[in-house]
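Overview (structure and organization)
Spelled out, the chains give:
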Amino acid sequence: MVNKNLIIRFSNFLVEFSNRRNTIILIILFVLVNLFMFSPLSPMTVLDSYSDNAGMLDLDFIYDSEKAYDVVSAYGVEGRRYYVTTFVLIDTFTPILMNLFLSVLVTMVLRLSNGPKNTLMRLNILPFIALIGDYLENIFISVIMLNYPDQLENVVFLSLIHI
């Protein structure tokens, strides 16, 4: 089980971190990362080019094994290699930035509405719980990619973890 003091300390860190300067920096980084992620140089665009626009499992909220393996097959050997060597690496760092940005926004809203000492302030860690779900999803999709053409139905089901 997660140590309650660790959660409180992390929440308190987010409260201290959530100031005007850091918020502005995170907004700028958030915009820049999103501009990059939707540019022609984006890892998503590169991955899509391998699959002839078959889509991305990471962006689908729900899919079945048939859809998952249609997409994985469409990537081909090079696309699957790109996914597990490059795309997952990038998809490890960008969610940290995005969830930190969301945590700061939650902290600022709660601070404005309830004050910094409110017990609701602990809600500022919720985006990082979602981060755990994102990482689990990435791990399971990588397992699917690495084991293709073997079809791992249970792993496809587990890859649907979205918190």
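Below is a short write-up of the structure. (Residues numbered from 1 in each chain as written. Predicted model: local features only at pLDDT ≥ 70, side-chain atom pairs only at ≥ 80, totals over all residues. Heavy atoms only, no water.)

Some thoughts on the layout of surface pockets
- When its volume is computed, the largest pocket comes out at roughly 630 Å³.
- Taken together, 25 residues make up the lining of the largest pocket; nearest its centre are L59, D91, P95, M98 and D134.
- Looking at the lining of the largest pocket, the elements that each hand over two or more residues are helix 2 (20-37), helix 4 (65-114) and helix 5 (126-147).
- The dominant element in the lining of the largest pocket, judged by the number of residues it contributes, is helix 4, at seven residues. (1 Å grid on protein atoms, 1.4 Å probe; cavity = no way out; pocket = protein on both sides within 12 Å on 5 of 7 lines; lining within 4 Å. Points joined across faces, edges and corners; volume = space filled by probe spheres on them. Helix = DSSP H or I, 4+ residues; strand = E, 2+ residues; numbered from the N terminus.)

What to know about the side chain of S42
- Here S42 lies in the loop between helix 2 and helix 3 (43-50).
- Engagement of the side chain of S42 in a polar contact is seen with the backbone oxygen of M37, the distance being 2.6 Å.
- In contact with S42, not counting residues within four places along its chain, are F36 and M37. (Polar contact = N/O pair within 3.5 Å; in protein donor to acceptor, adjacent residues only side chain to side chain. Contact = heavy atoms within 4.5 Å.)

With respect to a nonpolar patch on the surface
- On the surface, I24, I25, I27, I28, L29, V31, L32 and L35 cluster together into a nonpolar patch covering about 690 Å² of accessible area.
- Inspection of the secondary structure assignment puts I27 in helix 2. (Patch = residues over 30% accessible without salt bridge, like charges linked within 9 Å, V, L, I, M, F, W, Y side chains within 5 Å. Areas by Shrake-Rupley, 256 points an atom, 1.4 Å probe, with all protein chains shown as cover. Salt bridge = Lys/Arg side-chain N within 4 Å of Asp/Glu carboxyl O.)

Some words on the pattern of salt bridges
- As enumerated under the stated definition, the model contains two salt bridges in all.
- Linking K67 and D60 is a salt bridge whose minimum nitrogen-to-oxygen distance equals 3.7 Å.
- Note on K67: relative accessible area 31%, which makes it partly exposed.
- One salt bridge connects R81 with E78, and the closest N-O pair in it is separated by 2.5 Å. (Buried < 20%, exposed > 50% of the residue type's maximum accessible area, 1.4 Å probe, protein only.)

Things to note about the side chain of R80
- Within the secondary structure, R80 is located in helix 4.
- For the buried R80, no salt bridge is present, and the opposite-charge side chain at shortest range is E78, 9.2 Å distant.
- If we skip the residues at most four places from it in the chain, R80 touches V72, S73, Y75, M145 and Y148. (Lys, Arg positive; Asp, Glu negative; His and termini not counted.)

Overview of the packing of helix 3 against helix 4
- Contact geometry of helix 3 with helix 4 gives a least axis separation of 8 Å together with a crossing angle of 165°. Taken together, the axis directions place helix 3 and helix 4 in an arrangement best described as roughly antiparallel. Two packed elements cross with a definite hand, and for helix 3 against helix 4 that hand is left-handed. Across the interface between the two elements, P43, M44, V46, L47 and Y50 from helix 3 touch A74, Y75, E78, G79, Y82, Y83, F87 and I90 from helix 4.
- Class assignment for the residues of the contact of helix 3 with helix 4 results in 11 nonpolar, one polar and one charged. (Axes fitted to C-alpha atoms, helices over the stretch in contact; angles between N-to-C directions. Parallel < 35°, antiparallel > 145°, perpendicular 65-115°, else oblique. Left-handed = near helix turned anticlockwise from the far one by under 90°. Nonpolar A, V, L, I, M, F, W, Y, C, P; charged D, E, K, R; others polar.)

Observations concerning the nonpolar core
- Ranked by internal contacts, the top residues of the largest apolar core, which has 32 residues, are L47, L57, Y83 and F87.
- Going through the elements one at a time, helix 2, helix 3, helix 4, helix 5 and helix 6 (153-158) are the ones with two or more residues in this core.
- Looking at this core element by element, the count peaks at 14 residues for helix 4. (Core = buried A, V, L, I, M, F, W, Y, C linked by side-chain atoms within 4.5 Å.)

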